[in-house]
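Below are the chains, spelled out letter by letter.
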Amino acid sequence: IEKVRAIQRLGRRVLIVGALFYDNLHFVNDDPQHPLSSDPKRFSLWEVHPILQFFICSRQDNTCNPGSTKDWAPLEEFQP
């Protein structure tokens, strides 16, 4: 979790690989002033589940191409 927090602080792009599906059993619940008690916090009904791979852009200018994993480093190798 510390690596993920460091990635967020640094503003690094991430590439998540997994199955994308639409969850039509819930509703968008993104307003902290009016939360929906029956639904989890979320800003989208799209989910990646399960996550199979998690990459971080290794280029300092954050311009990695999501169509190729060449410039992306696996989370396990990321050093903040």
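Within each chain, residues carry numbers counting from 1 in the order of the written sequence. Owing to the predicted nature of the model, reporting of local features is limited to residues with pLDDT of at least 70; listing and counting of side-chain atom pairs is limited to 80 or more, with chain, interface and lining totals taken over all residues. Here the side-chain values reflect all heavy atoms present in the structure, with hydrogen atoms and water set aside.

Details of the packing of aromatic side chains
Only rings of Phe, Tyr and Trp enter the pairing, Trp through its six-membered ring, and a pair is recorded when the two centres are within 6.5 Å. The plane angle decides the type: under 30 degrees is stacked, over 60 is edge-to-face, the rest tilted. For the structure shown, the criterion picks out one aromatic pair. Where Y22 meets W46, the ring centres are 5.2 Å apart and the plane angle is 65 degrees; that geometry is what we call edge-to-face. Of the two residues, Y22 is situated in strand β1 (residues 14-22) and W46 in strand β2 (residues 46-57); the sequence distance between them amounts to 24 residues. Where helices and strands are cited, they refer to DSSP runs of H or I of at least four residues and of E of at least two residues respectively, numbered from the N terminus.

Description of unusual backbone geometry
Here the residue pair H49 and P50 is connected by a cis peptide bond, since its omega of -5 degrees sits within 30 degrees of zero. One can find P50 in strand β2. With a phi angle near 65 degrees, N62 is a residue other than glycine that sits in the positive phi range. Relative to the elements of secondary structure, N62 occurs in the loop between β2 and β3 (72-74).

Details of the nonpolar core
The biggest cluster of nonpolar side chains holds five residues, and these are L15, F55, C57, C64 and W72. In this analysis, two residues are considered to be in contact whenever any of their non-hydrogen atoms come within 4.5 Å of each other. If sequence neighbours within four positions are ignored, C57 has contacts with R12, R13, N62, T63, C64, D71 and W72. Among buried residues, the Ala, Val, Leu, Ile, Met, Phe, Trp, Tyr and Cys ones that are joined through side-chain atoms within 4.5 Å form a nonpolar core. Summary of the burial criterion: residues with accessible area below 20% of their type's maximum are buried, those above 50% are exposed, and those between are partly exposed, where the area comes from a 1.4 Å probe applied to protein chains only.

Some words on the pattern of salt bridges
Each reported salt bridge corresponds to a side-chain nitrogen of Lys or Arg within 4 Å of a carboxyl oxygen of Asp or Glu. Taken as a whole and assessed by the stated rule, the structure comprises three salt bridges. Two residues, E2 and R5, come together in a salt bridge whose shortest N-O distance is 3.1 Å. Of this pair, E2 and R5 are both found in helix α1 (residues 2-10), three residues apart, which corresponds to roughly one turn of the helix. The salt bridge partner of R59 is D61, with a shortest N-O separation of 3.4 Å. According to the relative accessible area criterion, R59 is partly exposed, its value standing at 35%. Through salt bridges with shared partners, a single network forms among R59, D61 and D71.

Focus: the state of the cysteines
When the sulfur atoms of two cysteines come within 2.5 Å, that pair is taken as a disulfide. Applying the stated criterion across every chain, the model contains one disulfide. Bridging C57 to C64, the disulfide has an S-S length of 2.1 Å. Every disulfide takes its handedness from the sign of the S-S torsion; for C57 and C64 that torsion is 85 degrees, giving right-handed. Look at C57 and you get buried, because its relative accessible area is 0%. A relative accessible area of 2% means that C64 is categorised as buried.

Considerations on the confidence of the model for the protein chain
Confidence of the predictor in every single residue is expressed as pLDDT, which spans 0 to 100. This prediction gives the protein chain a mean pLDDT of 89; 100% of its residues lie at or above 70. Mean pLDDT in the protein chain bottoms out at β2, which sits at 92, and peaks at β3, which reaches 96.

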